[in-house]
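Residue-level structural notes
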Amino acid sequence: MEVIILPTREKANLLAAKLIAKELRAKPHLVLGLATGRTMERLYHLLGDLYRENTLDFSLCRTFNLDEYIGLPPANPYSYRHYMNEHLFHRVNIDLRNTHLPDGMAADLEAACRHYEAMIAECGGIDLQLLGIGADGHIGFNEPLSALRSRTRPKALTPGTIQQNAPLCGGEANMPKRAITMGVGTILEAKHCLMLVTGGSKAKVLAQAVEGPITSMVTASALQLHPHCRVIVDAKAGAELQGKDYYNWIFRNEPEWAEYQELWEE
Ligand code: F6R
């Protein structure tokens, strides 16, 4: 795992956008795993800017989202399909037929989950999986005690997650209580993982995930097992990391980060 701490939220977003753009330019058929939530909004808008500046082409890119609420049709403004269309897909030249989210409206949810895993496998697996972290340490909707080898499945959300996401759904009354999510095992199979974490409210759980024990109580901690996982954070989210000085030293000195040094300056 590599942790890169940048001074501001904007710079953390810029680095994440640059890393995604680099992978997409290197492999136009990239299979991109996507996340939703507040953290990702600015990042998706930055990717939209790169497309408008003619420096990024999504025409061959294929995407799989981590999760979707159960019971919200795609046209529902609180569905993750709607979120993705609004924040990314309608801003770039992606072919919507190449964009996939779990089918939270399926009559047979288990079959829909198996189908989702099969589609990912048919595409050759996810090249780059983008992740945020929930207040309880979840990735996707893998709430505490999710098996670290879990696969795509329906999952009950915790009261804390319902509270966390209710404002995005126009209040708790509209907020679904269940979702389909890729499993932790599914996520760990991505070739590369990129977790973006910003804001002081995530500082404690981020430190648990990155420097604490691997535990199903904080499913993001399973990323410690991943051979190629980058965690990009702003200074506020990184405030409780014990190894800050070492992570900063790596970013300042390792050749792979040389081209991004301008982001370091405040
Ligand atoms: C959503 C997802 C979640 C979010 C997490 C953080 O697709 O995968 O794990 O990344 O709940 O959400 P925000 O960014 O709203 O704090």
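Check the entry above for the structure.
Residues numbered from 1 in each chain as written. Predicted model: local features only at pLDDT ≥ 70, side-chain atom pairs only at ≥ 80, totals over all residues. Heavy atoms only, no water.

1. Observations regarding the nonpolar core
With 81 residues, the main nonpolar core has Leu 15, Tyr 44, Leu 47, Tyr 69, Met 195 and Ile 232 as its most contacted residues. The element contributing the most residues to this core is helix α1 (residues 9–26), with eight residues. Ile 70, Leu 109, Ala 112 and Cys 113 belong to the second-largest nonpolar core, a separate cluster that totals six residues. (Core = buried A, V, L, I, M, F, W, Y, C linked by side-chain atoms within 4.5 Å. Buried < 20%, exposed > 50% of the residue type's maximum accessible area, 1.4 Å probe, protein only. Helix = DSSP H or I, 4+ residues; strand = E, 2+ residues; numbered from the N terminus.)

2. Examining the sheet that holds strand β8 (residues 178–181)
Pairing between the strands of a sheet comes from backbone hydrogen bonds, and it takes one of two forms, parallel or antiparallel. Strand order in the open sheet made by the three strands is β4-β8-β7, with antiparallel pairing throughout. Two strands lie at the open edges of the sheet, namely β4 (67–69) and β7 (153–156), each paired on one side alone. Strand-to-strand, the axes of this sheet are offset by a mean angle of 30 degrees, without reference to chain direction. Strand contacts of helix α4 (residues 109–122): β7 and β8, with the helix running at about 120 degrees to β7, the strand carrying the most contacts. (Pairing = 2+ DSSP bridges. Axes fitted to C-alpha atoms, helices over the stretch in contact; angles between N-to-C directions. Contact = heavy atoms within 4.5 Å.)

3. Quick look at the site of the ligand
Neighbouring the ligand are 15 residues; Thr 39, Asp 67, His 138, Gly 140 and Lys 202 lie closest to it. Note that an oxygen atom of the ligand is positioned 2.4 Å from one of the side-chain N or O atoms of Thr 39. Here an oxygen atom of the ligand and a side-chain polar atom of Asp 67 are 2.6 Å apart. Isolated, the ligand exposes 410 Å² of accessible area, and the fraction of that covered by the protein chains is 97%. For the ligand, the cavity whose grid points lie within 2 Å of the majority of its atoms is the largest pocket. Considering only residue class, the shell around the ligand consists of four nonpolar, eight polar and three charged. (Near = heavy atom within 4 Å. Polar contact = N/O pair within 3.5 Å; in protein donor to acceptor, adjacent residues only side chain to side chain. Areas by Shrake-Rupley, 256 points an atom, 1.4 Å probe, with all protein chains shown as cover. 1 Å grid on protein atoms, 1.4 Å probe; cavity = no way out; pocket = protein on both sides within 12 Å on 5 of 7 lines; lining within 4 Å. Sits in = over half its atoms within 2 Å of the grid points. Nonpolar A, V, L, I, M, F, W, Y, C, P; charged D, E, K, R; others polar.)

Everything listed here is a matter of geometry and, on its own, says nothing about what the molecule does.
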